[in-house]
Amino acid sequence: MGANKSKSAFRSIAEVTEDLKIAPHVLRFWETKFSQIKPMKTKSSRRYYRPDDVAILELIKELLYVRRYTIEGVQKLFKNRTVKDILGTEIQKDFFEDIDDNIDANTEVSNTAMQDAINSAIISLSQIKEDLKNIVNL
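Note that this is a predicted model, so its numbers are computed, not measured.

**Examining the sheet that holds strand β2 (residues 40-41)**
In space, the three strands of this open sheet follow the order β1-β3-β2, with antiparallel pairing throughout. Two strands close off the open sheet at either side, each with one partner strand: β1 (11-12) and β2. Inspection of the sheet shows β2 paired to strand β3 (residues 47-49) by two bridges, in the antiparallel sense. What sits directly across from methionine 40, in β3, is tyrosine 48.

Put into structure tokens, the structure is as follows:
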């Protein structure tokens, strides 16, 4: 993260986009869609991102690119939440982790292990369903 900077240091747009492996125009677009991203701007309009901005950007990237949320879906998750609320809470557990934890890929899967994995996935999906209901009701 940035060339030997401390974690509390501000980052330029070049440093943030390099660390996150995204294009600068993507970062600028996200700024227009997520009010929680508030980089400092100099008189010459250079952007400098605080550590919290970078953490939120990392979360947005994860939600969009890994968990496959839409922009609107992430906006609903963030709606009426402070930066502290967003960064202090795990938004959604990936239910595939439970399956991977319960099944050893190097051994033949028994019926019991498979059933445990399915049950774990069902529980996780139920939680996701409840989370989505809560988002809709915001």
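Following the structure, the description resumes.
**Regarding the confidence of the model for the chain**
The predicted model of the chain has a mean per-residue pLDDT of 76, with 71% of residues at 70 or higher. Contacts from residues 89-109, a stretch scored under 50 in pLDDT, to residues over four places away or in other chains number 29 contacts.

**Focus: the side chain of serine 12**
With respect to the helices and strands, serine 12 occurs in strand β1. With a relative accessible area of 10%, serine 12 lands in the buried category.

Quick notes on the rules
Residues numbered from 1 in each chain as written. Predicted model: local features only at pLDDT ≥ 70, side-chain atom pairs only at ≥ 80, totals over all residues. Heavy atoms only, no water. Pairing = 2+ DSSP bridges. Helix = DSSP H or I, 4+ residues; strand = E, 2+ residues; numbered from the N terminus. pLDDT = per-residue confidence, 0-100. Contact = heavy atoms within 4.5 Å. Buried < 20%, exposed > 50% of the residue type's maximum accessible area, 1.4 Å probe, protein only.

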